[in-house]
Structure formats: structure tokens, C-alpha cells
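Below are the chains, spelled out letter by letter.
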Amino acid sequence: LDRLNSVSREFLTSIRVVKAFGREDYETGRFGTAAEELAASGISATRVTAVFGPLINLTVNIGIVVLLWLGGTGGHQDVGKLMASVNYMTQVLFALSMVSNILNTMVRATASAERVQEVLSEKAAMCEPEIPTAEKPDGRVAFENVSFSYIHSPEKSLDNVSFCVESGQVLGIIGATGSGKSTLVSLIPRFYDVTGGRVLVGGRDVRSQKTSQHREAIGMVPQKSLLFSGTIRDNLKWGDPEADDKALDAAAHAACADEFINGFSKGYDTVLGQGGVNLSGGQKQRLSIARALIRHPAILVMDDSTSALDATTEAAVMTRIREYARGTTVILISQRIASVMRADKILCMDEGRVSGFGTHEALMAESPVYREIYKSQIGDDEHASR
Ligand SMILES: Nc1ncnc2c1ncn2[C@@H]1O[C@H](COP(=O)(O)OP(=O)(O)O)[C@@H](O)[C@H]1O
Ligand SMILES: [Mg+2]
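Note that the coordinates shown come from a computational prediction; the quantities given were computed from them, not determined experimentally. (Residues numbered from 1 in each chain as written. Chains lettered and ligands numbered in written order. Predicted model: local features only at pLDDT ≥ 70, side-chain atom pairs only at ≥ 80, totals over all residues. Heavy atoms only, no water.)

Some details on the overall build of the chain
And then number 1: Each helix and strand counted, the chain has 15 helices and 12 strands in total.
And then number 2: Here the chain has a C-alpha radius of gyration of 33 Å; the compact-globule value for 386 residues is 21 Å, and the former is much larger.
And then number 3: Every one of the 386 residues in the chain was classed for burial, and the buried ones make up 38%.
And then number 4: At a minimum sequence separation of 6, the contacts of the chain that also span at least 24 residues come to 70%.
And then number 5: Each charge class in the chain was averaged separately, 40 positive and 45 negative side chains, and the resulting centres sit 2 Å apart. (Helix = DSSP H or I, 4+ residues; strand = E, 2+ residues; numbered from the N terminus. Rg over C-alpha atoms; globule rule 2.2 N^0.38 Å. Buried < 20%, exposed > 50% of the residue type's maximum accessible area, 1.4 Å probe, protein only. Contact = heavy atoms within 4.5 Å. Lys, Arg positive; Asp, Glu negative; His and termini not counted. Charge placed at Lys NZ, Arg CZ, Asp CG, Glu CD.)

Next comes the structure, spelled out in C-alpha cells:
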């Protein structure tokens with residue numbers, strides 16, 4: 001049943017892709033296979049009952065017949081004893097048919113139990129500290145020789161990464177896709193534990209803090225904007241349930257989201273479909289930036305979250321964020337060099353390793369990878385100055 005559910009959920013949520021690629025038949029086939037599996041397990045469970053039920057019935061009834069026969073022909077039993085024996089026999093029959101019902105349930109339950117056991121036996125990969133530090137961290141972020149590989153993956157997604165950024169600074173991260181940028185920032189809220197080295201936030205190891213408290217200080221704008229069904233107001237309040245309308249407005253303004261929200265006839269009460277289907281990509285990104293800003297985080301992580309915005313809007317968002325969130329450390333991942341060029345520090349990633357760290361000028365002088373990206377996006381120096 002679990003498999004049937006996941007097949008149909010996947011099909012329904014990606015129905016447009018399925019239609020676009022004309023894969024309806026394939027998906028119907030997958031559903032059919034899952035449904036047949038469910039049917040087969042139902043049939044095998046029923047078969048057990050189908051055999052056992054009549055078998056038990058037959059045995060006991062034969063027993064009663066034999067009893068009556070012996071009692072009737074032997075002649076030395078009185079009627080009361082005979083009837084009592086028949087009664088016992090019927091009760092045994094009743095109990096046995098219960099057993100066959102239980103057998104049926106057991107066949108179904110063992111299948112479920114295996115799945116449940118898989119989940120239960122999964123160990124929590126992360127341990128909470130015994131004595132967590134109480135203070136709220138400030139916005140300093142430092143990586144010390146951090147290595148990380150995903151579970152079941154032989155390759156290192158991060159290899160000996162070290163850098164540090166002070167409170168209130170902007171750190172730009174640039175690098176090819178798959179170079180480990182998203183992996184790197186997911187270590188800051190401790191979505192995963194490092195496999196080597198340390199991640200420090202506010203000067204303290206992230207593992208020395210209570211995870212829930214630690215994450216409160218961090219505003220995440222994930223690479224894929226995830227919104228929930230409900231109104232725009234509901235979605236923004238995710239960041240801070242206590243926020244009033246003024247706070248919502250301020251955060252929306254900082255993310256340049258107020259323009260389009262006020263353009264809707266219902267404003268903040270506009271209802272979003274599941275995953276925000278009735279918004280454009282850029283609108284979704286701006287809403288998820290506003291949702292992160294409203295928490296007034298000490299650290300704001302933006303994972304390629306302005307990719308669907310045009311350059312002018314992107315620049316406006318960045319300026320407004322700086323005004324709105326003074327003192328907040330901003331970690332900004334981008335594919336576009338123009339977006340990170342003006343950051344206080346830039347981290348250039350290449351295949352999980354740091355290939356350069358410093359200001360734009362320093363990287364232009366030192367890092368061949370960074371120079372290469374710059375050339376491919378902006379052109380070489382002569383072109384740029386012309
Ligand atoms: N959940 C995951 N499980 C296993 N490997 C992953 C996972 N996410 C990313 N990776 C691998 O880690 C590397 C870095 O990925 P990622 O950090 O997403 O890169 P970027 O954000 O720079 O495009 C890639 O080689 C990718 O295959
Ligand atoms: Mg990424």
C-alpha cells in the first residue's frame with residue numbers, strides 16, 4: 001500500500017512533466033505493477049484463510065459426526081454427556097476459526113512490520129550535546145578543515161574547506177554546479193554533521209548547541225523555493241509566527257516582494273496553491289527571501305535564491321537586505337559573478353575544494369578558477385573596461 005501511495009503521489013505531483021514527455025502509459029504501467037503487488041499480497045493472505053477456514057470446519061464437523069456415531073452406536077453413553085461433548089467441540093471450532101483469522105492478519109502484518117522496523121531501527125545520525133551552551137550565537141561563521149561526504153557516498157563532497165567570515169559581512173560563494181556550494185551551507189544550520197574538521201558559528205562548534213536554538217539564529221533561503229498551501233501571510237509567518245502586519249510589510253519590502261503582493265486584489269490574503277503553483281519563479285524566490293528575513297536572523301543563507309530575478313531587481317533586493325538586516329551575516333551563493341563581486345569576501349569552490357578566498361581583486365590576481373569564471377561571464381579586462 002505504501003508503494004502504491006508513493007507511485008501515485010509522484011505521478012500526480014509531476015503530472016506536467018509526465019504529460020510533456022508523453023509518459024502517461026509508462027506511469028500507468030508503474031501504477032499497475034504496484035497495484036498488482038498489493039493485490040497479490042492480499043490474495044496470498046486470503047488464500048491462507050480460504051484453505052484454513054474450511055479445513056478447520058471440516059475437521060471439527062467430522063469430529064462431531066464421529067462423536068455422535070460412537071455415542072449412538074456404543075450405547076453406554078448418556079445423552080447429557082454426549083451433548084456436552086458436542087458443545088465443547090463447537091467451542092473448539094469457534095476458537096480455531098479465530099486462529100485462522102489471526103493467521104490472515106499476521107501475514108499482512110509481517111509485511112508492514114518489516115517496513116516499520118526499517119524506520120524504527122534507523123539511528124539518529126545527530127546527537128544533541130549533553131550540556132548545550134545557552135547564549136545565542138552571533139553571526140560569525142568559520143569552517144576549520146571541514147570535510148564532508150554524504151552517507152553511502154564514497155566521494156568527498158567537501159574536502160578540507162577552511163574560511164571565516166565576520167558578523168555583518170557578506171560572503172559570496174561561487175563555483176560550478178556540483179562543486180559543493182549547497183552542501184557547504186547546509187552544514188551551517190547543522191542539517192548534517194561534518195565528517196572531519198569543525199564548523200563554528202559565533203565562535204562555537206555547532207555541535208555544542210541545541211539544534212533547535214541554533215537554527216533559530218539562521219535564516220535559510222533554499223535553492224528550491226518551497227512554499228506551503230495557504231495565504232501569503234501564512235507563508236511569511238512561518239519565519240516568525242508573532243510578526244504583525246508592519247513587520248510583514250517591512251520584510252516583504254526588503255525582498256522587493258511588496259510590489260507584486262500589493263498588486264494582487266487580496267494582497268497578503270492571496271491564497272497560494274500547493275508549493276506556490278500560482279506564482280512565478282521570481283515571485284516565489286522573493287517570498288522565501290522575505291520569509292527568512294522576518295526572523296531577523298544573525299546569519300542569512302541565500303542559496304542561489306535570486307537566480308530567477310532580473311539583474312535590476314536582484315541589485316535592489318541586495319541593497320534593501322543590507323539596509324533591513326544590518327549586522328546580519330549574509331552568505332550568498334550565486335552562479336553569476338556579478339552578484340557576488342561586491343561581497344566583502346568571496347569563496348570560490350571547485351570540486352569540493354576551496355580554490356580561492358578573498359576579495360574580488362585578490363581572487364582576480366590569485367585564483368585561476370575565479371579568473372576563468374570572470375572571463376566567461378564578463379569578458380576579459382579589455383572588454384570590461386571598454
Ligand atoms: N543528498 C545527497 N546525497 C548524496 N550526494 C549528494 C547529495 N547532495 C549533493 N550531493 C553531491 O555532492 C556534490 C555537491 O553538490 P552540491 O553541494 O549540491 O553542489 P552545488 O550546490 O555547488 O551545485 C555533488 O557531487 C552531488 O552529487
Ligand atoms: Mg546548489
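Having put the structure on the table, let's press on.
Quick word on the sheet that holds strand β11 (residues 345-350)
And then number 1: Spatial ordering of the open sheet is given by β6-β9-β10-β3-β11-β12, a layout of 6 strands whose pairing is mixed. Only two strands of the sheet have a single partner each, and these edge strands are β6 (218-221) and β12 (353-358). Averaged over all pairs of adjacent strands, the angle between their axes in this sheet comes to 15°, without regard to strand direction.
And then number 2: Two elements, β11 and β12, share 5 bridges in a ladder whose sense is antiparallel. Residue pairing across strands places Ile346 opposite Gly358, the latter belonging to β12. (Pairing = 2+ DSSP bridges. Axes fitted to C-alpha atoms, helices over the stretch in contact; angles between N-to-C directions.)

What to know about a nonpolar patch on the surface
And then number 1: A surface patch of nonpolar side chains, about 550 Å² in accessible area, is lined by Leu58, Ile62, Val66, Trp69 and Leu70.
And then number 2: With respect to the helices, strands and loops of the structure, Ile62 is situated in helix α3 (residues 24-74). (Patch = residues over 30% accessible without salt bridge, like charges linked within 9 Å, V, L, I, M, F, W, Y side chains within 5 Å. Areas by Shrake-Rupley, 256 points an atom, 1.4 Å probe, with all protein chains shown as cover. Salt bridge = Lys/Arg side-chain N within 4 Å of Asp/Glu carboxyl O.)

Some details on the nonpolar core
And then number 1: Formed by 45 residues in total, the largest nonpolar core has its most connected members in Leu287, Leu293 and Met302.
And then number 2: Residue contributions to this core peak at 5 residues, all from helix α10 (residues 281-293).
And then number 3: If we skip the residues at most four places from it in the chain, Met302 touches Val221, Ile289, Met318, Ile321, Val330, Ile331, Leu332 and Ile333. (Core = buried A, V, L, I, M, F, W, Y, C linked by side-chain atoms within 4.5 Å.)

Quick word on the site of ligand 1
And then number 1: The full set of residues close to ligand 1 is Tyr150, Ser157, Ala176, Thr177, Gly178, Ser179, Gly180, Lys181, Ser182 and Thr183.
And then number 2: Within the contact set of ligand 1, an oxygen atom lies 3.0 Å away from a side-chain nitrogen or oxygen of Ser157.
And then number 3: Lys181 is positioned with one of its backbone polar atoms (N or O) 2.9 Å from an oxygen atom of ligand 1.
And then number 4: About the coverage of ligand 1: the protein hides 58% of its 560 Å² of free accessible area.
And then number 5: Looking at the shell around ligand 1 residue by residue, the class counts come to 2 nonpolar, 7 polar and 1 charged. (Near = heavy atom within 4 Å. Polar contact = N/O pair within 3.5 Å; in protein donor to acceptor, adjacent residues only side chain to side chain. Nonpolar A, V, L, I, M, F, W, Y, C, P; charged D, E, K, R; others polar.)

Some remarks on the pairing of strand β1 (residues 141-148)
Working note: regular strand, side chains alternate between the two faces of the sheet.
And then number 1: Counting buried positions along β1 yields 6 of 8 residues, so the element is predominantly enclosed.
And then number 2: Here β1 runs beside strand β4 (residues 196-201); their pairing, made up of 5 bridges, is antiparallel. Note that in β4 the partner of Ala142 across the bridge is Leu200.

Examining the domain arrangement of the chain
And then number 1: Here the chain is described as being made up of domain 1 (2-120) and domain 2 (141-385).
And then number 2: The straight-line distance from the C-alpha centre of domain 1 to that of domain 2 is 55 Å. (Domains from an automatic or database assignment.)

Focus on the pattern of salt bridges
And then number 1: Within this structure, the stated rule accounts for 14 salt bridges.
And then number 2: A salt bridge links Glu10 to Arg30; its shortest N-O distance comes to 2.7 Å. Here Glu10 is found in helix α1 (residues 2-13), whereas its partner Arg30 is found in helix α3, with 20 residues between them in sequence.
And then number 3: When its relative accessible area of 44% is taken as the criterion, Glu10 is described as partly exposed.
And then number 4: The partner of Glu118 in a salt bridge is Arg115, and the shortest N-O contact between them spans 3.2 Å. Highlighted residues: Glu118 and Arg115, both in helix α4 (residues 79-120), separated by 3 residues, approximately one helical turn.
And then number 5: What makes Glu118 partly exposed here is its relative accessible area of 47%.
And then number 6: Connected through shared salt-bridge partners, Asp2, Arg115 and Glu118 make up one network.

Observations regarding the packing of aromatic side chains
And then number 1: Throughout the structure, instances matching the rule amount to 7 aromatic pairs.
And then number 2: Ring plane angle 80° and centroid distance 5.0 Å describe the contact between Phe148 and Tyr150, whose orientation is recorded as edge-to-face.
And then number 3: With relative accessibility at 3%, the residue Phe148 sits in the buried group.
And then number 4: On the basis of relative accessible area, Tyr150 is assigned to the partly exposed category, the value being 29%.
And then number 5: Judged by centre distance (5.9 Å) and plane angle (75°), the rings of Phe260 and Phe264 are edge-to-face.
And then number 6: Under the relative-accessibility criterion, Phe260 is labelled buried at 10%.
And then number 7: The rings of Phe143, Phe163 and Phe357 are connected pair by pair, giving a single aromatic cluster.
And then number 8: Here the guanidinium or amino end of Arg23 rests over the ring plane of Tyr26, the centre of that ring lying 4.4 Å away. (Phe/Tyr/Trp six-rings, centres within 6.5 Å; stacked < 30°, edge-to-face > 60°. Lys NZ or Arg CZ within 6 Å of the ring centre and 35° of its normal.)

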